[in-house]
Amino acid sequence: MSNISKRIKIELCKFNLTNKLITDRSIEIHKKKIYQIENFYNEKLKFFSPLDFKYLYSNQYDSCHIWGSGSTADITKNFVKYEKNFFHIGFGFSCLLDIDFNFYFIENASKKNLDFLKVQNNALNKFIDNKKTILAFKNLWQEKNDMDLAYETYKDKALFIRDLIIPHYNASDFAINNTINKLLYDDPNYFRESCSSIITSIIFAKFLGFKKIVLHGVDFYGDYFFDKESYIKEYSEFIPPHVKNVYDKKWRNSQNKHPTANCLEVILPKLRDKLKINHNIELLTASKISGSIKHLNSFFND
């Protein structure tokens, strides 16, 4: 899409009706793209939907814990790491926290970043036990990924999932509400996502049936926990290299804000309210010192 076309789309999405029409059209185009990929791989590769994992939910779990990689995750892991009644969803390099994850998302496999892929595999091999954790590859369709490389690398390790981006083209109330309403649609066929793997995980937890969802390491600002000296010293071969637009060097500075933070800070308050009012689900932050305390109540009293 040309820059002119993008600008026209953004301008049109400033109006409620055209925003809805353009968003719906984008979703349908995305579904067709996913269908084409599935058709291309045919029976060589099965794509999994949220319904395939509905069995994971059990009354033995009283809450779902979602793990980002902000520095506070390294603190809150000590409070929940060995709790048997917590369901854990991780992604990226949060596996370095060495938690027994129930479900774990990955989404990067590019020939342009083979060093990154090597480190990612090192981390997964050391910290993820496939007998205990479902490893799921998402966003296979994105341009950043080489589909054949992803398939060859993870065909025996991960399940490839059918995921669907719900876009928003501006931060107006009607645009964000439209996106959130579509995210919260009870969709058994697609992992619905927007903005960040945080949102993907929240929507998945809601689909599974959890009534209490807790975010760890969603700090908006500050270092990744694995960039601490203690991690660099002990786990250097498992820490992601600086990769532009993936684990970008400028994001890994304590003074900088992660690009997805802008989106999350717009979506989370409205998503929190809709989850509570319409679904009786509490969306919480694990730490009072996390940046997300600005929008969410704390899971821990201390």
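Computed from a predicted structure; not experimentally measured. (Residues numbered from 1 in each chain as written. Predicted model: local features only at pLDDT ≥ 70, side-chain atom pairs only at ≥ 80, totals over all residues. Heavy atoms only, no water.)

Some remarks on the packing of helix H6 (residues 173–183) against helix H9 (residues 259–279)
For any two helices packed against each other, one specifies the inter-axial angle together with the distance between the axes.
Part 1 of the reasoning: One way to put it is that H6 packs onto H9 with a least axis distance of 10 Å and a crossing angle of 55°. Judged on the interaxial angle alone, H9 and H6 are oblique. The crossing of H6 and H9 is right-handed. From H6, Asp173, Ile176, Asn177, Ile180 and Asn181 reach across to H9, where they touch Val266, Ile267, Lys270, Leu271 and Lys274.
Part 2 of the reasoning: Among the residues making up the contact of H6 with H9, the classes are represented as 5 nonpolar, 2 polar and 3 charged. (Axes fitted to C-alpha atoms, helices over the stretch in contact; angles between N-to-C directions. Helix = DSSP H or I, 4+ residues; strand = E, 2+ residues; numbered from the N terminus. Parallel < 35°, antiparallel > 145°, perpendicular 65-115°, else oblique. Left-handed = near helix turned anticlockwise from the far one by under 90°. Contact = heavy atoms within 4.5 Å. Nonpolar A, V, L, I, M, F, W, Y, C, P; charged D, E, K, R; others polar.)

Describing the pairing of strand S5 (residues 134–137)
Part 1 of the reasoning: Of the two faces of S5, the one lined by Ile134 and Ala136 and the one lined by Leu135 and Phe137 are each fully buried.
Part 2 of the reasoning: With 4 bridges joining them, strand S4 (residues 103–106) and S5 adopt parallel strand pairing. By the bridge assignment, Tyr104 is partnered in S5 with Leu135.
Part 3 of the reasoning: Of the strand pairs in this sheet, S5 and strand S6 (residues 159–161) are connected by 2 bridges, and their pairing is parallel. Across the sheet, residue Phe137 finds its bridge partner in S6, namely Phe160.
Part 4 of the reasoning: Between the parallel elements S5 and S6, the chain passes through helix H5 (residues 147–154) in a crossover that is right-handed. (Buried < 20%, exposed > 50% of the residue type's maximum accessible area, 1.4 Å probe, protein only. Pairing = 2+ DSSP bridges. Right-handed = clockwise from strand over helix to strand, strands pointing away.)

A few points about the packing of aromatic side chains
Part 1 of the reasoning: The full count for this structure, using the stated rule, is 31 aromatic pairs.
Part 2 of the reasoning: Geometrically, the ring pair formed by Phe103 and Phe105 is edge-to-face, given 5.1 Å between the ring centres and 65° between the ring planes. Like Phe105, Phe103 is buried.
Part 3 of the reasoning: Ring geometry for Tyr235 against Phe238: centres 6.2 Å apart, planes inclined by 55°, an arrangement best described as tilted. (Phe/Tyr/Trp six-rings, centres within 6.5 Å; stacked < 30°, edge-to-face > 60°.)

A look at the state of the cysteines
Part 1 of the reasoning: Counted according to the given criterion, the structure contains 1 disulfide.
Part 2 of the reasoning: Covalently, Cys195 is tied to Cys263 through a disulfide, its sulfur atoms 2.2 Å apart. Placement of the pair is Cys195 in the loop between strand S8 (191–193) and helix H7 (197–208) and Cys263 in helix H9, with a sequence separation of 68 residues.
Part 3 of the reasoning: Cys195 gets classed as partly exposed once you look at its relative accessible area, which sits at 27%.
Part 4 of the reasoning: Counting only cysteine sulfurs, Cys95 is the nearest neighbor of Cys64, a cysteine outside any disulfide, at a range of 17 Å.
Part 5 of the reasoning: Using a relative accessible area of 1% as the deciding quantity, one classes Cys95 as buried. (Disulfide = S-S within 2.5 Å.)

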